[in-house]
Amino acid sequence: MPSDMHVHTTFSDGRLTPEEIVAAAKAAGLTYLAITDHDTVDGIRHLYEAGLYPLKTLRLIPGIEFSCEVDGHDVHILGYDFDIYNQELIDKVTELSESRWTRFAQMTDKLQALGYDITETDVLAIAGTSRSIGRAHVARALVKKGIVPTVHEAFTELLEYGRPAYIPHFRLLPEEAVALIRQAGGVPVLAHPKLVRDDELVERLLALDFGGIEVYYPQHDAADTARYKALAERHGMRLTGGSDFHALPHREPKELGLFTIDDTLAAPFFHPPEALE
Ligand SMILES: [Zn+2]
Ligand SMILES: [Zn+2]
């Protein structure tokens, strides 16, 4: 049976609500599903408070994905199976979302100063319920306003590092993200190591208190998967994997259930908060 341990919802930059993700996961016949929104646990808390977590039909694992940066390399850190009401975690994600808030406003200010007709309201209209407004939302607003033809060009022309509307980001250090997940009772996992684009840095990062490596990932080819599997085994870490599904038309996989992992990899992370309904 298939599982997926890396999925985004409208609470970060995904296009489906947690309810829609749950419905899609059931339709795809998934056993375990981890919602791993960027810098927030509001998606799974929303399901919990709506009486949709835990579920008998789908085994939900609380997750989160922190974006860190080391020497210009993107380092994403997944956390699983933690207390979604842990105060320290909530305080830190609140701080991160508040800083994202000011960052996106700084971006629209900068774009306006550059002569582009885009406002905070335009970005908020795109962001909807998302608590972690990011560059992707600004990029989509720029496309919607006809300022650039594609999201890709919004990044390469305006928003990425070195471009005129770039604003630096408040992020956690990898050691802070790992410690934060641990103190909330969770397991930190190094996300998609290939996207770090530096295997020596990956090796150095594994000196931190990680519990797993995301070995199975759409952008890992067979050789990458074998290399990171061997690395996880050498460090005595769990193997995880997931689709990084966003429900975005330009991004693979296009459907939940097209990229999955074996249930046995997800099962050790499953500890439901109370008896199943
Ligand atoms: Zn990531
Ligand atoms: Zn992700």
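Draft legend 1. Structural detail: the environment of Arg-103. Of note, Arg-103 is situated in helix α3 (residues 87–113). The spacing of Arg-103 and Tyr-80 is 23 residues in sequence and 27 Å in space, taken between C-alpha atoms. When neighbours within four sequence positions are excluded, Arg-103 is seen to be in contact with Ile-167 and His-169.

Draft legend 2. Representation of the packing of helix α5 (residues 135–144) against helix α6 (residues 151–159). Relative orientation of the contacting elements α5 and α6 amounts to 105°, with a least axis distance of 9 Å. Compared by their axis directions, α5 and α6 come out roughly perpendicular. In contact with Arg-135, Val-138, Ala-139, Arg-140, Leu-142 and Val-143 of α5, α6 contributes Val-151, Ala-154, Phe-155 and Leu-159. When grouped by side-chain class, the residues that make up the contact of α5 with α6 number eight nonpolar, no polar and two charged.

Draft legend 3. A look at the sheet that holds strand β7 (residues 238–241). A sheet is described by the order of its strands in space; here eight strands give the open sequence β7-β6-β5-β4-β3-β2-β1-β8, paired in mixed fashion. Two strands bound the open sheet, and with one partner strand each, they are β7 and β8 (261–262). Two strands pair when backbone bridges link them, and strand β3 (residues 59–70) and strand β4 (residues 73–80) are joined in this way by eight bridges, in the antiparallel orientation. Note on β4: the bridge partner recorded for Cys-68 is Val-75. Lying over the sheet, helix α9 (residues 222–234) contacts β6 (212–216) and β7, oriented at roughly 160° with respect to β6.

Draft legend 4. Seen up close, the packing of helix α4 (residues 120–127) against α5. It is the contact of α4 with α5, at a shortest axis distance of 8 Å, that shows an interaxial angle of 110°. As the angle between them shows, α4 and α5 are arranged roughly perpendicular. Facing Asp-122, Val-123, Ile-126 and Ala-127 of α4, the residues of α5 in contact are His-137, Val-138, Arg-140, Ala-141 and Lys-144. Its residues placed into classes, the contact of α4 with α5 shows five nonpolar, one polar and three charged.

Conventions adopted
- Residues numbered from 1 in each chain as written.
- Chains lettered and ligands numbered in written order.
- Predicted model: local features only at pLDDT ≥ 70, side-chain atom pairs only at ≥ 80, totals over all residues.
- Helix = DSSP H or I, 4+ residues; strand = E, 2+ residues; numbered from the N terminus.
- Contact = placed C-beta atoms within 7 Å.
- Axes fitted to C-alpha atoms, helices over the stretch in contact; angles between N-to-C directions.
- Parallel < 35°, antiparallel > 145°, perpendicular 65-115°, else oblique.
- Nonpolar A, V, L, I, M, F, W, Y, C, P; charged D, E, K, R; others polar.
- Pairing = 2+ DSSP bridges.

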